[in-house]
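# Structure assessment
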Amino acid sequence: NVWWSRLISRNFEGAMQVVEQFPDNAQAGPFGINDKTMARLITLTVMNKDDSVQALIDDVRRQIDALGPREETLETMAALTLAVIAGLEGNTSQAEAYVDRWLKGAGKDWADRVLYRDTACQVLGIADAADAAVECIRDGLEEPSAIMPFVETKLPFYDSIREEPVFAELVEELENQG
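Described in the following lines is the structure provided in the data block. (Residues numbered from 1 in each chain as written. Predicted model: local features only at pLDDT ≥ 70, side-chain atom pairs only at ≥ 80, totals over all residues. Heavy atoms only, no water.)

### Focus on the overall build of the protein chain
This is how it is decided: Numbering of helices and strands runs from the N terminus; a helix is a DSSP stretch of H or I covering at least four residues, while a strand is a stretch of E covering at least two. C-alpha atoms define the radius of gyration, and 2.2 Å times the number of residues to the power 0.38 defines the globule rule. Shrake-Rupley sampling with a 1.4 Å probe provides the accessible areas, and residues are treated as covered by the protein chains on show and by no other component. Residues counted as positive are Lys and Arg, residues counted as negative are Asp and Glu, and His and the chain ends are not counted. Where a charge sits is defined by one atom per residue type, namely NZ (Lys), CZ (Arg), CG (Asp) or CD (Glu).
When helices and strands are counted, the protein chain shows 9 helices and 0 strands. Reading the protein chain from its N end, one meets helices and strands in the order α-α-α-α-α-α-α-α-α. Here the C-alpha atoms of the protein chain give a radius of gyration of 16 Å, agreeing with the 16 Å that 2.2 N^0.38 yields for 178 residues. On the principal axes, the C-alpha backbone points of the protein chain span a range of 45 × 35 × 25 Å. Surface accessibility of the protein chain: about 9,200 Å² in total, with carbon and sulfur atoms responsible for 49%. For the protein chain, the distance from the average position of its 16 positive side-chain charges to the average position of its 32 negative side-chain charges is 4 Å.

In structure tokens form, the structure reads like this:
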């Protein structure tokens, strides 16, 4: 995916150019939020475009509130979507709670757990939840997941926790293994 490769290589302007080429009617995920909107949110966040992020969060929050999360959906990708929004809103504890709900529910669907564990960890990084992000990464390195030890901690999603001792310790461990 071109967007993802530009994002993780910190070519944020290039990533945003790719996002703007996504179709407006792209497949909708939880709460009808499409891939273009989520990619725009994530890209603007790592670019530190706070005003643009807040306007987009407000739109997404209105969409979520209009549909109202149902209890039965909170163990699916809807929980990760809510975790992203909570983290971007600065609500670390709520983001952690949604990721925890997803992890508990994803145990029922190991394919989702393997494919999206890295996303859950990255959401925790965005949410400034250093301890939870490190635990998530460590767990993801122990069981099947898309977490790559040589790249995960270098991703921009962890910039806000990069100086936290628990995260710095994990980075050092992984570099020494390498």
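### Comments concerning helix α2 (residues 12–21)
Heads up, the rule is: When a residue's accessible area, from a 1.4 Å probe over protein chains only, is under 20% of the maximum for its type it is buried; when over 50% it is exposed; and in between it is partly exposed. A contact between two residues is defined here by any heavy atoms of the two lying within 4.5 Å.
Regarding α2, the residues found buried are F12, G14, A15, M16, V18 and V19. Considering only its buried residues, α2 is in contact with α1 (2–8) and α3 (35–46).

### Things to note about the environment of A55
Considering the arrangement of structural elements, one finds A55 in helix α4 (residues 50–67). Along the chain, A55 and L41 lie 14 residues apart, while their C-alpha atoms are 9.8 Å from each other.

### Things to note about the side chain of T153
Structurally, T153 is set in the loop between α8 (130–142) and α9 (165–177). The contact partners of T153, leaving out residues within four places of it in the chain, are I137, Y158, R162, F167, L170, V171 and L174.

### Side note on the packing of α3 against α4
The line we're drawing: Here the axes come from fitting lines to C-alpha atoms, over the contacting stretch only for helices, and the angles between their N-to-C directions go from 0 to 180 degrees. Roughly parallel means an angle under 35 degrees; roughly antiparallel means over 145; roughly perpendicular covers 65 to 115; every other angle is labelled oblique. Throughout, a crossing is termed right-handed when the near helix is turned clockwise from the far one, and left-handed when it is turned anticlockwise from it by less than a right angle.
The N-to-C vectors of α3 and α4 enclose an angle of 150 degrees; their axes lie 9 Å apart at closest approach. One element, α3, and the other, α4, form an angle in the roughly antiparallel class. The handedness of the crossing between α3 and α4 comes out as left-handed. Here T37, R40, L41, L44 and T45 of α3 lie close against α4, whose contacting residues are S52, V53, L56, I57 and V60.

### A short note on the state of the cysteines
Rules: Sulfur atoms of two cysteines make up a disulfide when they are within 2.5 Å.
With the rule as written, the count across this model stands at 1 disulfide. Between the sulfur of C121 and that of C136 lies a disulfide, 2.1 Å long from S to S. When the S-S torsion is -85 degrees, as for the bridge of C121 with C136, the disulfide is left-handed. Of this pair, C121 sits in helix α7 (residues 110–126) while C136 sits in helix α8, placing them 15 residues apart in sequence. The same class applies to C121 as to C136, namely buried.

### Comments concerning helix α5 (residues 77–88)
Defined as follows: Helix span is expected to be 1.5 Å times the residue number reduced by one.
Counted at 1.5 Å a residue, the expected span for α5 with its 12 residues is 16 Å, and the 17 Å between its end C-alpha atoms agrees. Most of α5 sits inside the fold, with 11 of its 12 residues counted as buried. Listed in full, the buried residues belonging to α5 are A78, A79, L80, T81, L82, A83, V84, I85, A86, G87 and L88. Phi turns positive one or two residues past the end of α5, at G90, with a value near 85 degrees.

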